[in-house]
There are 2 protein chains.
Amino acid sequence: MEAHEKGFFTEANSVEVVTGRNKNAKDARLKAVMEVITRKLHEAVKEIEPTQDEWFEAILFLTRTGQLSTEWRQEFILLSDVLGVSMLVDAINNRKPSGASESTVLGPFHIADAPELPMGANICLDQKGEDMFIHGRIFDTEGKPIADAVLDVWQANDEGFYDVQQKGIQPDFNLRGVFRTGADGRYWFRAVKPKFYPIPADGTVGKLLDALGRHPYRPAHLHYILKADGFETLTTHIFDPDDPYINSDAVFGVKESLLAEFKRVDDPTRAKDLEFAGPFWEVEHDFVLARG
Amino acid sequence: MEAHEKGFFTEANSVEVVTGRNKNAKDARLKAVMEVITRKLHEAVKEIEPTQDEWFEAILFLTRTGQLSTEWRQEFILLSDVLGVSMLVDAINNRKPSGASESTVLGPFHIADAPELPMGANICLDQKGEDMFIHGRIFDTEGKPIADAVLDVWQANDEGFYDVQQKGIQPDFNLRGVFRTGADGRYWFRAVKPKFYPIPADGTVGKLLDALGRHPYRPAHLHYILKADGFETLTTHIFDPDDPYINSDAVFGVKESLLAEFKRVDDPTRAKDLEFAGPFWEVEHDFVLARG
Ligand SMILES: [Cu+2]
Ligand SMILES: [Fe+3]
Ligand SMILES: [Fe+3]
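Conventions and cut-offs
- Residues numbered from 1 in each chain as written.
- Chains lettered and ligands numbered in written order.
- Predicted model: local features only at pLDDT ≥ 70, side-chain atom pairs only at ≥ 80, totals over all residues.
- Heavy atoms only, no water.
- Phe/Tyr/Trp six-rings, centres within 6.5 Å; stacked < 30°, edge-to-face > 60°.
- Helix = DSSP H or I, 4+ residues; strand = E, 2+ residues; numbered from the N terminus.
- Buried < 20%, exposed > 50% of the residue type's maximum accessible area, 1.4 Å probe, protein only.
- Polar contact = N/O pair within 3.5 Å; in protein donor to acceptor, adjacent residues only side chain to side chain.
- Contact = heavy atoms within 4.5 Å.
- Least-squares fit on C-alpha atoms with pLDDT ≥ 70 in both.
- Buried area = accessible area lost by both parts, 1.4 Å probe.
- Salt bridge = Lys/Arg side-chain N within 4 Å of Asp/Glu carboxyl O.
- Nonpolar A, V, L, I, M, F, W, Y, C, P; charged D, E, K, R; others polar.
- Donors = N, O, S within 2.8 Å, 3.2 Å for Na, K, Ca; no water.
- Tetrahedral: all angles 85-135°; square planar, octahedral: opposite > 155°, others 65-115°.
- Domains from an automatic or database assignment.

1. Things to note about the packing of aromatic side chains
Part 1 of the reasoning: On inspection of all chains with the given rule, the structure shows 27 aromatic pairs over all chains.
Part 2 of the reasoning: Consider the rings of Tyr217 of chain A and Tyr245 of chain A, whose centres lie 4.7 Å apart with planes at 15°: the pair is stacked. Residue Tyr217 of chain A is found in strand β6 (residues 217-218), and its partner Tyr245 of chain A is found in the loop between β8 (234-239) and β9 (262-265); the two are separated by 28 residues along the sequence.
Part 3 of the reasoning: On the basis of an interplanar angle of 85° and a centroid distance of 5.3 Å, the ring pair of Tyr162 of chain B and Tyr197 of chain B is categorised as edge-to-face. A residue pair is termed long-range when its members are at least 10 positions apart, and Tyr162 of chain B in the loop between β2 (150-155) and β3 (176-180) and Tyr197 of chain B in strand β5 (residues 197-198) qualify at 35 residues.

2. Some remarks on the side chain of Thr104 of chain B
Residues and elements named next belong to chain B.
Part 1 of the reasoning: Looking at where Thr104 falls in the secondary structure, it is placed in the loop between α5 (85-93) and β1 (131-140).
Part 2 of the reasoning: We classify Thr104 as buried; its relative accessible area is 0%.
Part 3 of the reasoning: A distance of 2.8 Å separates a polar side-chain atom of Thr104 from the backbone oxygen of Gly253.
Part 4 of the reasoning: Apart from residues no more than four positions distant in its own chain, Thr104 is found in contact with Met87, Asp90, Thr235, Thr236, His237, Gly253 and Leu258.

3. Some thoughts on the relation of the copies chain A and chain B
Part 1 of the reasoning: Mapping chain A onto chain B calls for a screw motion: a turn of 180° about the axis and a shift of 0.0 Å along it, with 0.0 Å RMSD after fitting. Considering both components of the superposition, the chain copies are consistent with a two-fold axis. Judged by C-alpha distance, Gly66 of chain A is the residue of chain A that lies nearest the rotation axis, at 2.1 Å.
Part 2 of the reasoning: When you check the interface residues of chain A against chain B, 99% turn up at the interface there too, and the contact is symmetric in its surfaces.

4. Regarding the interface of chain A and chain B
By a frequent convention, interface size equals the accessible area lost on bringing the separate parts together.
Part 1 of the reasoning: Facing 81 residues of chain A, the contacting portion of chain B comprises 80 residues.
Part 2 of the reasoning: Summed over both sides, the interface of chain A with chain B buries roughly 7100 Å², with 62% coming from carbon and sulfur.
Part 3 of the reasoning: Of all residues in chain A, the largest losses of buried area upon contact with chain B belong to Phe8, Phe9 and Arg21 of chain A, amounting jointly to 10% of the total for that side.
Part 4 of the reasoning: Linking chain A with chain B are 12 salt bridges, by the criterion used here.
Part 5 of the reasoning: Here Glu47 of chain B makes a salt bridge to Arg39 of chain A, at a shortest N to O gap of 2.7 Å.
Part 6 of the reasoning: Put simply, chain A and chain B have 38 residue pairs in polar contact (both at pLDDT 80 or more) between them.
Part 7 of the reasoning: Going through the elements one at a time, α1 (14-19), α2 (28-48), α3 (52-67), α4 (75-82), α5 (85-93) and α6 (204-211) of chain A are the ones with two or more residues in the side of chain A that touches chain B.
Part 8 of the reasoning: Residue contributions to the side of chain A that touches chain B peak at 18 residues, all from α2 of chain A.
Part 9 of the reasoning: When its residues are assigned to classes, the side of chain A that touches chain B shows 39 nonpolar, 21 polar and 21 charged.

5. A few points about the coordination of the iron ion (ligand 3)
Residue and element names in this part refer to chain B.
Part 1 of the reasoning: The protein atoms that coordinate the iron ion (ligand 3) are Tyr162 (OH), Tyr197 (OH), His221 (NE2) and His223 (NE2), at distances of 1.9 to 2.1 Å.
Part 2 of the reasoning: Geometry at the iron ion (ligand 3) is irregular, judged from the four donor atoms that bind it and their angles of 87 to 158° at the metal.
Part 3 of the reasoning: Of note, the iron ion (ligand 3) draws all its donor residues from one chain, in the sequence arrangement Y-x34-Y-x23-H-x1-H.
Part 4 of the reasoning: Residue class for Tyr162 comes out buried when judged on its relative accessible area of 0%.
Part 5 of the reasoning: When its relative accessible area of 5% is taken as the criterion, Tyr197 is described as buried.

6. What to know about the domain arrangement of chain A
Part 1 of the reasoning: When the domains of chain A are assigned, the result is domain 1 (3-72) and domain 2 (85-289).
Part 2 of the reasoning: On a C-alpha basis, the centres of domain 1 of chain A and domain 2 of chain A stand 39 Å from each other.

7. Some words on the side chain of Thr236 of chain A
All names here are of chain A.
Part 1 of the reasoning: Along the chain, Thr236 falls in strand β8.
Part 2 of the reasoning: Overall, the relative accessible area of 1% leaves Thr236 in the buried class.
Part 3 of the reasoning: Within the structure, Thr236 has its side chain in polar contact with the backbone oxygen of Glu102 (distance 2.8 Å).
Part 4 of the reasoning: In contact with Thr236, other than residues within four places in its own chain, are Glu102, Ser103, Thr104, Leu222, His223, Tyr224, Leu258 and Phe287.

Put into structure tokens, the structure is as follows:
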């Protein structure tokens, strides 16, 4: 009988010895997951060959990351985000049929009870920022408009803050709204041009980014959740392709297909129709939902 | 230019996109380590294909593991222990020349200021448990005795508790001692037979072990740190091969070469010499230190 068959640890048989203990796992999925985690963890340790001090540094990093998390902050989600794990899980769970709009991360700033508004409403409640008109259509993969599709939109203001980050400064529900399409699948509303913003950078994740020579910024975007009966719910963003951080989103949320066009419009008649005082931004963007 | 060259995330190029951001890392070692961690993490996620709920369960597990850690408890070290990572780091950092005694994990119960005692001292200060006489020699790899070698020993009592876990119940420094060899490299002292004990099982790690059908016990052992000028310090255990958990140490500390022999001795003359009241356990075990 060899050492590892007796349950004794050897460097060469480390994975087999550890996963061999899970024979009586209560849950087959957990057992399978732990087999992969153990194997990949041991592969990583064998490739890195950490010193005892490096191992302990990693232990402290993980501990502090857990301890930084509160009801209002989740530093491990942030870590998952900046390592591309959140986007990978999103990708795996949202493989779309050809032609459907792609998903991206939800982010921490969605709230469930934003008000349903009539088409055309201005979701900017404090008149700060550059006016923006957004419109488009919601289709199925055969190009037919979807009626009664619900579009839930939220965005940061022109200083890069969400309303929930600036309670008392921004009005409640500023730059949030829920819209419902008619038979033509069209949506349209007014807002202000969003700005890039940093993810929280004062914790362990911020320090890691800094040590890696990475900045904490997300390029300007609007968040959407699109729902319609008979279709898969789509959680996504649209991005400003001219944002300085468009090629280096700290959380890897950008995909080619999520780049929208932000056009500057200087047309007094259209501005007047939209009740804007002067030139404004126009974004036209269509979405395609997959049947669910 | 392809998507990932623009910094845009794709499932296929996820590792390249994420590690590509570390070009300006401030530290080459950190950069190399994060390359491995990111790659193995993405490999694991791609193989597991976690649902969003499973991903969130993992986030909460890690968060709670960090939050359980205090000055007195380190749940992430415990996690590292039960996944065999601590033993793997130990193995990588303590590859010994042929013939030298093998190392194992330090564990959380060593204290730096245990008293130096004369050879033969009884480290059991409360007369509880079965008497044990331990002796042996400390050699170099050529078989020459090492003089002035310092042997630091600590162990749990016959109920499976260390003194520091039972302050006020066990005397301070119970079952701890530091001994120094003479020219013959011999050591000898008296103690009590140790017992198996559980690692702390009331936290996230305990729940994980339970879900995996694993017990939290470590087989009975004595801890040693052996130091001598000109030699590598050896942190190790010796184990009772008849312990019920000898083939399933919760932290994988057991190695074939660390099994000692615990002999029951019923010899009134020898017992009297050792100031034992009756039959006792005898453990003879030699150590070999590698030149450092
Ligand atoms: Cu032996
Ligand atoms: Fe956002
Ligand atoms: Fe121990």
